[in-house]
Amino acid sequence: MANYTYEFTTNGNTGTITLTVDTTTLYTYNSNGSFQGYPITGISGSFNGQTITGLLASNNTTQGGSVATNDANGTGGNAGQYNNVFWRDDTQGNGGLGPSGKASIDGIDNRGFAFTAGGTDYRISKQSASTTNFIYQSNGTASQPTTFNAANSDVPCYVTGTRIRTARGEVAVEDLTVGDLAVTPEGTERPIRWIGHRTIACHGDSARLPVRIAAHAFGPGRPARDLFVSPAHAICVDLLGEVLIPTCRLINGTTITQVSVESVAYWHVELDSHDILVAEGLPAESYVDCGNRAFFANVEVTDLAAPPDERPAGPSAFCRPFYETGPIVDSARARLADRAEALGWRLVEDPLADLHLIVDGQVLHPDVEGLTARFILPAAACDVRLVSTTFVPAHVEAGSGDDRRLGVCLAALSIDDGLTGIRHIALDDPRLTQGLHQVESTDMTWRWTDGAATLPADLWDGCRGTFFLRVALACAAPRRVGPQDMAGLVHPAQAHTAQANRRA
């Protein structure tokens, strides 16, 4: 699977849409020529100010013939004709500028993909016979323009500055040239066929943020110094035989962590076939083409008709067995945990995950009793954010598919100035919008923050002088392995599981 993230601005609303693409199922469409793409199997994000609730069904799972689906009887009305196919490159799909013209933009053609958001069926597609413009249709209305801002995929990459082992020594990835001889862990010299690069804005998106692999995390000199890669980049791990595991499945909050940056430059190195490079002393994969080459800024210099690009995606495309979940990944994570402790990391504890407020630019720490934090704020406070450390369950919990960035799990909020009466703030209060996930409940109700929840000033409108803000958590952030010089910090790596256990 691969994820492709887009930003569209429609009617003044900028929404981020992430498509999940099955890169192991190659789809061939022969109606207007032989085009190859992959079925879009999932979607998340928002559009036109509305949260996307699901992908509309399509008939893109059969080979040959027309892939078009007409959403004539959708739950939210007619979204038009769509195919839900991500095309391998921009010369494929429908609606080009001629028989061999550009038929898609970043994998989306003029039939595009369809989904439901806010009870409305939408279709987003490229404008027919255009190389730049996108449009959308909803509930049978005429097509309307939508501005395309950016696209990103979870294509695996190295970060600028990463040193790759070559026949001429350790060379920074940005200084490599086509024809250089990369040296594999076995000592084989293999010529570099292509080097891709692109600088992207991260916007706090865990699919974009680089992952830091600390020096010696996998063993002495592996890597020799901190190595930064994209979340999907696969590391070669020897577990009674070498396997490939995406870095995001090895994040442990200690020796392997995700780094918050505004932007990052990603690079990748392609050989004649998929193989293992040595990056900062750590074995890691070279580029494998699974239909994501359009991610890179310099794709125009690449011969997309070259034979290596025609090999099928999926397991047969990888040079080692590839795992994202299961006992193999669990075993690798256990070894990394043991290694972290051997390097001097120790268990630290902070049940409230370093919970604090930032009030008009100033940091306020709470008085704490159990899982309840009490803050004293001036009634004139305007810009107030509830801040904590964060984690992504899918990065730290075996078998989890939850890719949300989670902060603390709220059970109750209240405000009291001692004069106007206590105010209990419901977790689903419509004023609580920024920095919080949706309310969840079983036998109790809770709501996760994303690590920086905004508390609007009208919550305490009318309070006098100062007031108490009480924050009760549904569960404690459990212990985790941490370095001795971070004894006051905590990353609640298993908070999601602990909360579930508390509810059980």
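Because the structure is a prediction, the values reported are computed rather than measured. (Residues numbered from 1 in each chain as written. Predicted model: local features only at pLDDT ≥ 70, side-chain atom pairs only at ≥ 80, totals over all residues. Heavy atoms only, no water.)

1. Comments concerning the overall build of the chain
And then number 1: In terms of helices and strands, the chain carries 3 helices and 39 strands.
And then number 2: Counting over 504 residues, the chain shows a buried share of 53%.
And then number 3: In the chain, once contacts between residues fewer than 6 apart in sequence are set aside, the share between residues at least 24 apart is 62%.
And then number 4: Accessible surface, the chain as shown: approximately 20,700 Å² in total, 50% of it carbon and sulfur. (Helix = DSSP H or I, 4+ residues; strand = E, 2+ residues; numbered from the N terminus. Buried < 20%, exposed > 50% of the residue type's maximum accessible area, 1.4 Å probe, protein only. Contact = heavy atoms within 4.5 Å. Areas by Shrake-Rupley, 256 points an atom, 1.4 Å probe, with all protein chains shown as cover.)

2. A look at helix 1 (residues 327–342)
And then number 1: Compared with the 22 Å implied by 1.5 Å per residue over 16 residues, the 23 Å span of helix 1 between its first and last C-alpha is a close match.
And then number 2: Every buried residue of helix 1 is accounted for by Val329, Ala332, Arg333, Leu336 and Ala340. Down the axis of helix 1, the sector holding all buried residues measures 100 degrees, keeping them to one side. Opposite the packed face of helix 1, turned more than 90 degrees from it, sit the exposed residues Pro327, Asp338 and Ala342. (Expected span 1.5 Å × (residues − 1). Arc of directions from axis to C-beta.)

3. Considerations on the pairing of strand 35 (residues 436–441)
And then number 1: Examined bridge by bridge, strand 35 and strand 36 (residues 445–449) share 4 bridges and lie antiparallel to one another. Bridge pairing in strand 36 places Ser441 opposite Thr445. (Pairing = 2+ DSSP bridges.)

4. Quick word on the sheet that holds strand 32 (residues 384–387)
And then number 1: If you trace the 4 strands from one edge of the open sheet to the other, you get 29-28-32-37, paired in antiparallel fashion. Strands with a single pairing partner mark the edges of an open sheet, and in this sheet they are strand 29 (362–364) and strand 37 (452–455). Across this sheet, the average inter-strand angle for adjacent strands is 25 degrees, counted without regard to direction.
And then number 2: Pairing geometry for strand 28 (residues 356–359) and strand 32, over 4 bridges, is antiparallel. Looking at the pairing, His356 lines up with Val387 of strand 32. (Axes fitted to C-alpha atoms, helices over the stretch in contact; angles between N-to-C directions.)

5. Brief notes about the pattern of salt bridges
And then number 1: Inspection of every chain in the model, using the stated rule, returns 13 salt bridges.
And then number 2: The partner of Arg163 in a salt bridge is Glu280, and the shortest N-O contact between them spans 2.9 Å. With Arg163 in strand 14 (residues 163–166) and Glu280 in the loop between strand 25 (276–279) and strand 26 (282–285), the pair connects residues that are 117 residues apart, well separated along the chain.
And then number 3: On the accessibility criterion, Arg163 (31% relative accessible area) is partly exposed. (Salt bridge = Lys/Arg side-chain N within 4 Å of Asp/Glu carboxyl O.)

6. Notes on the nonpolar core
Nonpolar side chains in soluble globular proteins generally cluster together in the buried interior.
And then number 1: Leu176, Ile213, Phe218, Val237 and Ile256 are the most contacted members of the largest nonpolar core, which totals 32 residues.
And then number 2: When residues of this core are traced back to their parent elements, those giving at least two are strand 19 (211–213), strand 20 (227–229), strand 21 (234–238), strand 22 (242–246), strand 24 (263–270), strand 25, strand 26 and helix 1.
And then number 3: Considering each element in turn, this core owes the most residues, 3 residues, to helix 1.
And then number 4: Setting aside residues up to four positions removed in sequence, Val237 forms contacts with Phe218, Glu242, Val243, Ile245 and Ala332.
And then number 5: Grouped together as the second largest cluster of nonpolar side chains are 30 residues, Val408, Leu413, Trp460 and Leu469 included. (Core = buried A, V, L, I, M, F, W, Y, C linked by side-chain atoms within 4.5 Å.)

7. Considerations on the confidence of the model for the chain
And then number 1: For the chain, per-residue confidence averages 79 on the pLDDT scale, and 77% of positions sit at 70 or higher.
And then number 2: Low pLDDT, under 50, characterises residues 484–504; the stretch is placed with 57 contacts to residues that sit more than four places away or in other chains. (pLDDT = per-residue confidence, 0-100.)

8. Topic: the packing of aromatic side chains
And then number 1: Under the counting rule described, the total for this entry stands at 10 aromatic pairs.
And then number 2: Geometrically, the ring pair formed by Trp460 and Phe467 is stacked, given 5.2 Å between the ring centres and 25 degrees between the ring planes. You'll find Trp460 and Phe467 in the same group, each marked buried.
And then number 3: Taken together, Phe47, Phe113, Phe115, Tyr122 and Tyr136 form an aromatic cluster joined through their ring pairs.
And then number 4: Taking NZ or CZ as reference, Arg374 lies 4.7 Å from the ring centre of Phe468, over its face. (Phe/Tyr/Trp six-rings, centres within 6.5 Å; stacked < 30°, edge-to-face > 60°. Lys NZ or Arg CZ within 6 Å of the ring centre and 35° of its normal.)

9. Describing the state of the cysteines
And then number 1: Counted under the stated rule, the structure contains 0 disulfides.
And then number 2: Here Cys236 stays unpaired: no disulfide links it, and the sulfur of Cys319, its closest cysteine neighbor, is 6.9 Å away. (Disulfide = S-S within 2.5 Å.)

10. Some points on the environment of Val359
And then number 1: Inspection of the secondary structure assignment puts Val359 in strand 28.
And then number 2: Judged by its relative accessible area of 7%, Val359 falls in the buried class.
And then number 3: Taking the C-alpha atoms as reference, Val359 lies 9.9 Å from Leu455; in sequence the two are 96 residues apart.
And then number 4: Not counting chain neighbours up to four residues away, the residues in contact with Val359 comprise Leu364, Leu377, Ala381, Asp383 and Val384.

11. Observations regarding the pairing of strand 26
And then number 1: Taking every second residue as pointing to the same face, both faces of strand 26 are buried, with Leu282 and Ala284 on one and Pro283 and Glu285 on the other.
And then number 2: Here strand 25 pairs with strand 26 via 4 bridges, running antiparallel. When the sheet's bridge partners are listed, Ile276 is paired in strand 26 with Glu285.

12. What about the environment of Gln362?
And then number 1: Along the polypeptide, Gln362 turns up in strand 29.
And then number 2: Linking Gln362 and Asp383, residues 21 residues apart in sequence, is a C-alpha distance of 9.8 Å.

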